[in-house]
Amino acid sequence: MSDAQPSRPPVAYQRLYVNIDHVATLRQARRGDEPDPVAAAQVCEDAGADGITVHLREDRRHIQDRDVERLAPIVRTVLNLEMAAADEMVALALGLRPAQVTIVPERREEVTTEGGLDVRRGGGRLARHVAALHDAGLRTSLFIVPDDDTVRASADLGVAAIELHTGPYAHASHDPRTRAALAAAASLGASLGLAVHAGHGLTADNVGPVAAIPEVEELNIGHSIVSRAVFMGLAESVRAVRRAMDAARGGVAVDGGGASGH
Ligand code: PXP
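All figures in this text were calculated on a predicted structure; none of them were measured in a lab. Once a new chain begins, its residue numbering starts again from 1 and follows that chain's sequence as written. Local features in a predicted model are, by the rule used here, given only for residues with pLDDT of at least 70; side-chain atom pairs are given and counted only at 80 or more, and totals for whole chains, interfaces and linings are based on all residues. Computation of side-chain values covers all heavy atoms of the structure but excludes hydrogens and water.

Paired strands, as defined in this entry, are two strands with at least two bridges between them according to DSSP. Labels follow the DSSP assignment, with helices taken as runs of H or I lasting at least four residues and strands as runs of E lasting at least two, numbered in each case from the N terminus. Strand order in this closed barrel of eight strands is β1-β2-β3-β4-β5-β6-β7-β8, and the pairing throughout is parallel. Direction aside, the axes of adjacent strands within the sheet are offset by 25° on average. Pairing geometry for strand β4 (residues 100-103) and strand β5 (residues 139-144), over four bridges, is parallel. Bridge pairing in β5 links Ile 103 to Leu 142. Fitting a line to C-alpha atoms yields each axis, with helices limited to the stretch in contact; the angle taken between N-to-C directions then spans 0 to 180 degrees.

A word on helix α1 (residues 21-28). For α1, every residue scored as buried is listed here: Asp 21, Val 23, Ala 24, Arg 27 and Gln 28. Taken down its axis, α1 places every buried residue within 160° of arc, on the same side. Residues of α1 that are buried make contact with β1 (15-19), α2 (37-46), β2 (51-55), α3 (65-74) and α10 (223-232). Buried means the residue's accessible area, taken with a 1.4 Å probe over protein chains only, is under 20% of the maximum for its type, while exposed means over 50%, and partly exposed covers the values in between. Starting at the helix axis, one direction is taken to each C-beta atom, and the arc is that of these directions. For this analysis, residues touch if any pair of their heavy atoms sits within 4.5 Å.

Attention shifts here to the nonpolar core. We define the nonpolar core as a collection of buried residues of types Ala, Val, Leu, Ile, Met, Phe, Trp, Tyr and Cys that are connected through side-chain atoms lying within 4.5 Å of one another. If you look at the biggest cluster of nonpolar residues, it comprises 69 residues, and the most contacted ones within it are Ile 20, Ile 103, Leu 142, Leu 164 and Leu 219. In this structure Ile 103 touches Met 83, Ala 84, Ala 85, Leu 117, Leu 126, Val 130, Leu 133, Thr 140, Ser 141, Leu 142 and Phe 143, once residues within four positions along its chain are discounted.

Here we take up the pairing of strand β7 (residues 195-199). Across the five residues of β7, five count as buried, placing the element largely inside the fold. Side-chain alternation along β7 places Ala 195, His 197 and Gly 199 on one buried face and Val 196 and Ala 198 on a second face that is also buried. In this structure, strand β6 (residues 161-165) lies alongside β7, joined through five bridges in parallel fashion. Each bridged residue has a counterpart across the sheet, and for Ile 162 the counterpart in β7 is Val 196. Inspection of the sheet shows β7 paired to strand β8 (residues 216-221) by four bridges, in the parallel sense. Considered in β8, the bridge of Gly 199 is made with Asn 220.

Moving on, we get to the packing of α2 against helix α11 (residues 234-248). Contact geometry for α2 and α11: axes closest at 8 Å, N-to-C directions at 45°. As summarised for this structure, α2 and α11 are arranged oblique, according to the angle between their axes. For α2 against α11, the interelement crossing comes out right-handed. Residue-level contacts link Ala 40, Val 43 and Cys 44 of α2 to Leu 234, Ala 235 and Val 238 of α11. Across the contact of α2 with α11, the residue classes tally to six nonpolar, no polar and no charged. By the definition adopted for this analysis, an angle is roughly parallel if under 35 degrees, roughly antiparallel if over 145, roughly perpendicular if from 65 to 115, and oblique otherwise. By convention, the crossing between two helices is left-handed when the near helix turns anticlockwise from the far helix through less than a right angle, and right-handed when the turn is clockwise. Polarity classes work like this: nonpolar for Ala, Val, Leu, Ile, Met, Phe, Trp, Tyr, Cys and Pro, charged for Asp, Glu, Lys and Arg, and polar for all others, with Gly in that last group.

Of all six residues that make up β5, six are buried, and the element is covered over most of its length. Burial along β5 is two-sided: Arg 139, Ser 141 and Phe 143 facing one way and Thr 140, Leu 142 and Ile 144 facing the other are all buried. Two elements, β5 and β6, share four bridges in a ladder whose sense is parallel. Paired with Ile 144 across the bridge in β6 is Leu 164. Tracing the backbone out of β5, into helix α6 (residues 148-156) and back to the parallel element β6 gives a crossover that is right-handed. Whether a crossover is right-handed comes down to one check: with the strands pointing away from the viewer, does the path from the first strand over the helix to the second run clockwise; if it does, it is right-handed.

Another point: the side chain of Arg 27. Along the chain, Arg 27 turns up in helix α1. Arg 27 gets classed as buried once you look at its relative accessible area, which sits at 7%. Those residues within four positions of Arg 27 in sequence are excluded, and the remaining contacts are Gly 32, Asp 33, Glu 34, Pro 35, Pro 37, His 62, Gln 64 and Asp 67.

Here it is as structure tokens:
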């Protein structure tokens, strides 16, 4: 179902989507009702987040169905729902209609999302899920490793976007090859007409070189923002990342491409 897409020009404004999963992790530690991810989403938006990301895992270890149901009507920016390529999840997405669905690989025993999607091997099943989301008019992104073949295979599936896994970069940001791989995949993705997103393991300290990649339109950042919120408050933690992104892009950001600048 791939339509030939014109190459995508670099964007001046880069979106920051804040992943609030770990607000729910803290709540689930006591199975109570605080801290509330919905309240956290509102603080993030007030502090300048362009979108709210949640990962509804199949094991429901942090975000619960009820959280997504409450967030969907309340998020003023856009809701990006991360989920596995599974029938149950696609059905949920079709009902909730988030602005964006990001398909991620999931293994129950993992601590967090560990690798990218195996787009080539998972092709048939993924294609079916992508087609269902596409037919319902939902913008779909695939979380992948920055590798040429995987970028091309994603474009062949006809998705609107790819999210490049920045975990390897975050674990070895001193190694220029990790950033170079992201830059090359971003450039290839944009040349194939894909919107390029990135995320995983990014912090206010290491985000700069990734934020500076011209084709990267959107960053998804969660654990570090929520962690540092313990010390500086959530709003300031969001703003610290935003400042680091803007600094890396030469201060281009202030006009806001906004919430739904897909
Ligand atoms: N993007 C995707 C697809 C993810 O699965 C995650 C983790 O849930 C993130 C971004 C955010 O990663 P982190 O919490 O390390 O910032």
